[in-house]
Each structure stands twice: as structure tokens, then as C-alpha cells.
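Observations on chain architecture
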Amino acid sequence: MVMQAAVKELLSLGPFPPSAVADIATLEKIEAALEKIQPPISEDDAKALVGLLGSDDCFGLAWTLVHLIETAPGWPIEDALEGRSGMWIEVMNTRSYR
């Protein structure tokens, strides 16, 4: 499946920064890219986007990303979370009743 251009744009920005060190310009770029993504996203998009989740909520942007990821058909996608750890992986596992 072809990845949405907006997903590629968001991925190019890298993992979400912790709120304590995030600058306004980066946050605005992340927010703009998130707004362009059209749900439902593909399973490939979801797998790629999981890797952007950082150590905190990045001023709520991480929640927006979680909700987008959950729009993928067939979510939860086991191999998207496999071998990953952190607060957001735990949140997604709990929300997926895994």
C-alpha cells in the first residue's frame, strides 16, 4: 500500500520531542502534518507512525497520533507494537486489550 504524503512528511520530522525541550517551530510542523493525515490510515502507515511516539504527550500531540494509529483497519497490529517499550506502547496495548 502507498503511504500518505502527510504521513511521510510527519515521519521526516522524526520522533516527537519531550515537551520540556520542544520548540514552537517543531510543534507547529508536527501539528500541521498531523492535520493533513486522512483517516483511516493504512496498516503500513500505522506501523511507521508508532515509532514517532516519544517519552511524554508532547503537549497532547501524542494523543492525536495514537487516535490516528487506531484508525488503521485491523488495529491492533501485533507486529507494530512488538519489541517496543515505553509509556505510549503500554497505553496502546492497554487500549487494545492485549
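This text goes with the structure placed above it.
Remember, it's a predicted structure, so these values are computed and weren't measured experimentally. (Residues numbered from 1 in each chain as written. Predicted model: local features only at pLDDT ≥ 70, side-chain atom pairs only at ≥ 80, totals over all residues. Heavy atoms only, no water.)

Relative to the assigned elements, S19 resides in the loop between α1 (5–12) and α2 (24–36). Relative accessible area serves as the criterion here: at 16%, S19 is assigned to the buried category. Polar contacts involving the side chain of S19 include one to the main-chain amide nitrogen of F59, which spans 3.2 Å. Beyond its immediate chain neighbours, meaning those up to four positions away, S19 contacts D56, D57, C58 and F59. (Helix = DSSP H or I, 4+ residues; strand = E, 2+ residues; numbered from the N terminus. Buried < 20%, exposed > 50% of the residue type's maximum accessible area, 1.4 Å probe, protein only. Polar contact = N/O pair within 3.5 Å; in protein donor to acceptor, adjacent residues only side chain to side chain. Contact = heavy atoms within 4.5 Å.)

It is worth spelling out helix α4 (residues 61–69) at this point. Two residues of an α-helix separated by three or four positions point the same way, owing to the 3.6 residues in each turn. Those residues of α4 that fall on the buried side of the exposure criterion are L61, A62, L65, V66, L68 and I69. Axial view of α4: buried residues confined to an arc of 160°, hence all on one face. Tucked into the core, α4 has its buried residues touching α1, α2, α3 (43–50) and α6 (87–95). (Arc of directions from axis to C-beta.)

The omega torsion of the bond from P39 to P40 falls at -5°, within 30 degrees of zero and hence cis. Relative to the elements of secondary structure, P40 occurs in the loop between α2 and α3. Looking along the chain, the bond that leaves W75 and enters P76 is cis, with omega of 10°. Position of P76 among the secondary structure elements: in the loop between α4 and α5 (78–81).

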